[in-house]
Amino acid sequence: MIAKRPILIFFSIGLAGVLCGCMTQNTSSSTKGQGGISISDIRKRTFASELKLEKELYTTPDFRAQLMSYMSDGLRLYTLVQTPLHSLPESGFPIVIFGHGYHPTPQEYGINKKTGATSRPGDYYRGLPASYAREGYIVLTPDYRGHNESEGYEFTQMSELSRGYYTIDVLSLLSCVDQLSNADKDHIYYVGHSMGGYVGMRMLEATDRITAASFWSPSLSNSWSRSIYYNTRYVDDSPHHLNNDTLDLYFEGVARIASNTSSSEIIQGIDPIYHIGYIECPVIFHHAIYDRSVPIAWTEHFVSSMYFHNKPFEFYTYAGEDHLFRGTQYDKAIKRDIEFFNTTR
């Protein structure tokens, strides 16, 4: 999310699109980016890509910022790479992959609206990856397909399925880290905010290469809960009226996009809440009690499921309604992440 209370959000757009027939487009015109996105599918895949330096961006007293590209499912994608300027540890700098949240206009992700200049990851997220770089982590912040200049815009228009493809993009990026000569490849961490939590949790269920992960205000409910919440309760005086028939119609539209697989098979195949048993690393969660963008109840439910599956976690709650923390709460969350990550090194 990029605003405190955006009116147009992913699921309300998705539902309206399906109901008016806009989401039934044929996406098979190109083989680029096509492939299974269920947890089962991506666990079977081998990812292999290479980083290519595109541009030197800027240097601060703490880190150097570069733009690099890599391939994911035949699509050329871009990632911001921030490398510490600290003394190089004997084992190299540990790595953080940061997964950003939903952007209502993906091609404008990381672009300054006033100047039109590209400045990833944009003002909303700028401080977050930089904070980990200042702490001595190499930080990679991928666009996801269809965001900014990255190819594959059509995949941002696939409703519930879009974020499934974003997980593939992060796994493709993960396959590149062995190229980073100054990196500690044995200590790779993931930090995800909002939708980036959903993307990253799917990654944890698909690979055992992540040492530990942190999720800030993650969107981890099942897709049915998200669709209902974002089309009714989230927006005051919502004009949307939902019942069994309208939700059936929505998920039938999702199924048509996915080559006529049943919607229940799609959701249970891609939503991370159904695959917690695959998680191999410890996880830390942060969530504000009155967050309306992503309700804390979703994190509470996910954490309780992790406890049921005997998966290691820490869960911190914060006063207020900030979807992305500010001030002392932001500082606390960063500090807790670094301490949490340090316990695994």
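Enquirer: Give a description of the overall build of the chain that names residues and reports values.
Expert: Counting secondary structure elements, the chain contains 10 helices and nine strands. Considering only residue pairs separated by 6 or more positions, the chain has 73% of its internal contacts joining residues 24 or more positions apart.

Enquirer: Would you mind going over helix 5 (residues 195–204) in detail, with residue names and values included?
Expert: The buried count for helix 5 comes to 10 of 10 residues, which makes it a mostly enclosed element. Those residues of helix 5 not exposed but buried are Met195, Gly196, Gly197, Tyr198, Val199, Gly200, Met201, Arg202, Met203 and Leu204.

Enquirer: Outline the nonpolar core, supporting the account with residue identities and numerical values.
Expert: The biggest cluster of nonpolar side chains holds 56 residues, and the ones touching the most others in it are Tyr190, Met201, Phe285 and Phe302. Per element, the largest residue contribution to this core is seven residues, and it comes from helix 4 (residues 162–174). If you look at the next biggest cluster of nonpolar residues, it comprises 25 residues, including Val139, Ala212, Leu324 and Phe325.

Enquirer: I'd like to hear about the pattern of salt bridges, residue by residue, with values.
Expert: Using the criterion set out here, one finds 11 salt bridges in the structure. Lys335 is the salt-bridge partner of Glu339, the closest N and O atoms lying 2.5 Å from each other. Here Lys335 and Glu339 lie together in helix 10 (residues 327–342), a separation of four residues that amounts to about one turn. Accessibility expressed as a relative area gives 42% for Glu339, which makes it partly exposed. On the accessibility criterion, Lys335 (52% relative accessible area) is exposed. Counted as one network, the salt bridges with shared partners bring together Arg45, Asp73, Arg145 and Asp169.

Enquirer: Go over the side chain of Thr79, please, and point to the residues and values.
Expert: Tracing the sequence through the fold places Thr79 in strand 3 (residues 75–84). The exposure class of Thr79 is buried, given its relative accessible area of 0%. Within polar-contact distance, the side chain of Thr79 engages the backbone oxygen of Thr141 at 3.3 Å. In this structure Thr79 touches Leu51, Gln66, Leu67, Met68, Tyr70, Leu140, Thr141, Pro142 and Leu173, once residues within four positions along its chain are discounted.

Enquirer: Give me the sheet that holds strand 6 (residues 183–193): which residues, what numbers.
Expert: Sheet architecture is open: nine strands sit in the order 1-2-3-5-4-6-7-8-9, paired in mixed fashion. Strand pairing shows two members of the sheet lacking a second neighbour, strand 1 (52–59) and strand 9 (313–318), which therefore form its edges. The mean inter-strand angle of the sheet, taken between neighbouring strand axes irrespective of direction, is 20°. With five bridges connecting them, strand 6 and strand 7 (residues 212–216) associate as parallel partners. Considered in strand 7, the bridge of Tyr190 is made with Ala213. Contacting strand 2 (63–72), strand 3, strand 4 (93–99), strand 5 (138–142) and strand 6, helix 4 runs over the sheet at an angle of about 115° to strand 2. Along the sheet face, helix 5 touches strand 4, strand 6, strand 7 and strand 8 (283–288) and points at about 140° away from the line of strand 6.

Calculation criteria
- Starting from 1, residues in each chain are numbered consecutively following that chain's sequence as written.
- The predicted origin of the model limits local features to residues at a pLDDT of at least 70 and limits the giving and counting of side-chain atom pairs to 80 or more, whereas totals for whole chains, interfaces and linings rest on all residues.
- Water and hydrogen atoms were dropped before computing side-chain values, which therefore reflect all heavy atoms in the structure.
- Comment: elements are numbered from the N terminus, with helices defined as DSSP H or I runs of at least four residues and strands as E runs of at least two.
- By the convention used here, residues are in contact when the closest approach between their heavy atoms is within 4.5 Å.
- When accessible area is computed with a 1.4 Å probe and restricted to protein chains, residues below 20% of their type maximum are described as buried, those above 50% as exposed, and intermediate ones as partly exposed.
- Take the buried residues of types Ala, Val, Leu, Ile, Met, Phe, Trp, Tyr and Cys, join any two whose side-chain atoms come within 4.5 Å, and each joined set is a nonpolar core.
- The salt bridge definition used is simple: a Lys or Arg side-chain nitrogen within 4 Å of an Asp or Glu carboxyl oxygen.
- Pairs of N or O atoms are called polar contacts if they sit within 3.5 Å, as long as, within protein, a hydrogen donor faces a hydrogen acceptor (for residues adjacent in sequence, only side-chain-to-side-chain pairs).
- For two strands to be treated as a pair, DSSP must find no fewer than two bridges joining them.
- Axis definition: a line fitted to C-alpha atoms, limited for helices to the stretch in contact. Angles are taken between N-to-C directions and run from 0 to 180 degrees.

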